[in-house]
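# A look at the structure
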Amino acid sequence: MDFHDLQYWQQRARALEIENRLFINGRYQQAADGAQFAVEDPAGQRELVRVAQGDEHDVNQAVSAAREVFERGDWSQSPPAKRKATLMKLADLMEQHHEELALLETLDTGKPIRHSLRDDIPGAIRSLRWYAEAIDKVYGEIAPTAQDALALIEREPVGVVAAIVPWNFPLLLACWKLGPALAAGNSVILKPSEKSPLTALRIAGLAKEAGLPDGVLSVIAGFGQGAGQALSRHPDVDVLTFTGSTRTAKQLLKDSGDSNMKRVWLEAGGKSANIIFADCPDLHKAAANAAAGIFYNQGQVCIAGTRLLVEESIKDEFLAILHEQAQTFRPGNPLDPETVMGTLIDADHCEKVNEYIAAGLAEGANLYLDGRDHPQGEHGSYLGPTIFTEVRNSMRIAREEIFGPVLAVTTFTTEQEALTLANDSDYGLGAAIWTRDLSKAHRMSRRLKAGLVFVNNYNDGDMTVPFGGYKQSGNGRDKSLHAMEKFTELKTIWISLE
Ligand code: NAD
């Protein structure tokens, strides 16, 4: 992959034409009331563009178009092979626009261009391709009934899907939803975060170019209280698929109950534990993974390994290597391809993360590495790797999702203590164990209350495995064929035979 150089990206950024309109029923348009909101570049701390601010009226328009095309069957009843070809074409078009999409993502979020190019955009494309390839290989079932009946069990698309997504991996997380929802034949209304709407708006036009019928995919930029709420309370949305905070997730469950009981699938927050046993097979690899597990994407990762549990006997040795590894994450200009750590999403969020650092100090944790020391800090949204040691699991920095590059280190002496600490959380998204002992790895994997357990890695995986959490980390799963379950209804057809 060609990462080019800083000048190349600066030049491209200057020449970039940014799509700033909503996409409804196959065409770009301004919001019905003409409202717009500012989208900022968190690295430059300047307004990038003003984007149309969708609201209830725009949502209603998108939902009726989605319903109409769904009932007409242009997409929902089209042969799976046709849906596959269209989604493959969309993936191809995204690949042709790979650099443009990566640049939009970096300008919009402050994540390093290196990562947008290498991870976000290819990951989004892979997701679309994976579900496109799968859709003509998924069969129904015939139930083992008596001879006088034939019972078919089929999966049908549900109807109108609202996908509400956050700002940390805007296009990737959108495509984790679009892939299975569209492949299954649903109509989708995508609402990107108000902090990162640009790539979603851009791919809507590419979807049309790929041949997706009008109304099957609409993209409404706007705020949670506006467009988001209009979707979550809409009586004609059948499924709400969400990635974002646990606070919003709880509200969406209420909205569903207060409206039409739409199915609600939630990928919410996390406070994942990364457990390093003394018999860890490779301390260097574990430390590199622990650092990447919390500092990648500036710590703005739902499954970040925010709580590091280290066996007491190796604590000093491990911390020394971890300290070294943390130094490789130096905040820098996101457009510089050498940069591996960009900016936080905005100044408000940066302030919130800084408040957690203050809370950690106030509660008596030891600030082992202070990310605020970094010179870039003066410009606002930059924060370097931060490590607290001597953290008790009762402290706020160990219990609450910080969503920044702040690691809380706790020690333990027994396997049972490690397990108790790891499970003592409102969340249950991920957990990792580093050990040579196969039995210990299995024992722990079975007892950890987390949707994903990693053994001797942190957050490895691909499209073949489900992603999602236990407890207040959510319900349902993204990725893998299991994600199709969220976007399909099971139908039984019982036929009496003469
Ligand atoms: P957020 O909940 O503030 O916003 C997420 C989305 O919901 C945005 O599009 C927002 O506009 C919308 N929204 C907000 N209030 C709404 C309402 N009342 N009704 C309808 N929509 C509403 O979350 P965020 O700050 O954008 O993202 C960070 C959060 O996302 C973190 O908690 C993180 O853990 C979580 N996340 C989870 C996963 C996962 O897979 N589990 C992945 C990535 C991020």
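As annotated in an unreviewed UniProt entry, the protein chain is Gamma-glutamyl-aminobutyraldehyde dehydrogenase from Obesumbacterium proteus ATCC 12841. Looking at the Sequence similarities (unreviewed entry) heading of the UniProt record, one finds this comment for the protein chain: "Belongs to the aldehyde dehydrogenase family."

### With respect to the site of the ligand
Close to the ligand lie 28 residues; Glu 194, Ser 245, Thr 248, Ala 268 and Glu 401 are nearest. Within the side chain of Trp 167, an N or O atom sits 3.0 Å from an oxygen atom of the ligand. In isolation the ligand offers 850 Å² of accessible surface; the protein chains occlude 92% of this area. Elements with a contribution of two residues or more to the shell around the ligand: helix 8 (224–232), strand 10 (239–243) and helix 9 (246–258). Here the shell around the ligand is composed, by residue class, of 13 nonpolar, 11 polar and four charged.

### Details of the UniProt feature "active site" (unreviewed entry) in the protein chain
UniProt records the feature "active site" (unreviewed entry) for Glu 267 in the present numbering. With respect to the element layout, Glu 267 can be found in strand 11 (residues 263–267).

### Examining the sheet that holds strand 16 (residues 406–412)
By definition, the strands of a sheet pair up through backbone hydrogen bonds, in either a parallel or an antiparallel sense. Reading across the sheet, the seven strands line up as 14-15-16-13-12-18-19 and stay open at both edges, with mixed pairing between neighbours. Each edge of the open sheet carries a strand with a single partner, namely strand 14 (366–369) and strand 19 (452–455). Direction aside, the axes of adjacent strands within the sheet are offset by 25° on average. Bridge count between strand 18 (residues 430–434) and strand 19: four bridges; the pairing is parallel. Its bridge partner lying in strand 19, Gly 430 is registered against Leu 452. Contacting strand 14, strand 15 (386–389) and strand 16, helix 12 (residues 347–362) crosses the sheet at an angle of about 20° to strand 15.

### A closer look at the pattern of salt bridges
Applying the stated criterion across every chain, the model contains 29 salt bridges. Connected through salt bridges with shared partners, the residues Arg 67, Glu 71, Asp 236 and Asp 238 form a single ionic network.

### A closer look at unusual backbone geometry
The phi dihedral of Asn 297 is positive, around 55°, even though this residue is not glycine. With respect to the helices and strands, the residue Asn 297 is situated in the loop between helix 10 (283–295) and strand 13 (307–311). Since its relative accessible area comes to 2%, Asn 297 is described here as buried. Positive phi, normally seen in glycine, also occurs at Gln 298, with a value near 60°. Look at Gln 298 and you get buried, because its relative accessible area is 0%.

### With respect to the side chain of Asn 423
Inspection of the secondary structure assignment puts Asn 423 in helix 14 (residues 415–423). Taking the relative accessible area as the measure of exposure, Asn 423 reaches 17% and is therefore buried. Sequence-distant contacts of Asn 423, defined by excluding residues within four places in its chain, comprise Arg 447, Leu 448, Lys 449 and Lys 471.

### As for the pairing of strand 7 (residues 160–164)
Among the five residues in strand 7, five count as buried, and that is most of the element. Burial along strand 7 is two-sided: the residues Val 160, Ala 162 and Ile 164 and Val 161 and Ala 163 are all buried. Traced from strand 7 through helix 6 (residues 170–183) to strand 8 (residues 187–191), the parallel crossover comes out right-handed. Here four bridges tie strand 7 to strand 10, and the two strands are oriented parallel to one another. Note on strand 10: the bridge partner recorded for Val 161 is Val 239.

Each value, and the rule that gives it
- Residues numbered from 1 in each chain as written.
- Predicted model: local features only at pLDDT ≥ 70, side-chain atom pairs only at ≥ 80, totals over all residues.
- Heavy atoms only, no water.
- UniProt positions renumbered as here; feature names shortened; annotations may be inferred.
- Near = heavy atom within 4 Å.
- Polar contact = N/O pair within 3.5 Å; in protein donor to acceptor, adjacent residues only side chain to side chain.
- Areas by Shrake-Rupley, 256 points an atom, 1.4 Å probe, with all protein chains shown as cover.
- Helix = DSSP H or I, 4+ residues; strand = E, 2+ residues; numbered from the N terminus.
- Nonpolar A, V, L, I, M, F, W, Y, C, P; charged D, E, K, R; others polar.
- Pairing = 2+ DSSP bridges.
- Axes fitted to C-alpha atoms, helices over the stretch in contact; angles between N-to-C directions.
- Contact = heavy atoms within 4.5 Å.
- Salt bridge = Lys/Arg side-chain N within 4 Å of Asp/Glu carboxyl O.
- Buried < 20%, exposed > 50% of the residue type's maximum accessible area, 1.4 Å probe, protein only.
- Right-handed = clockwise from strand over helix to strand, strands pointing away.

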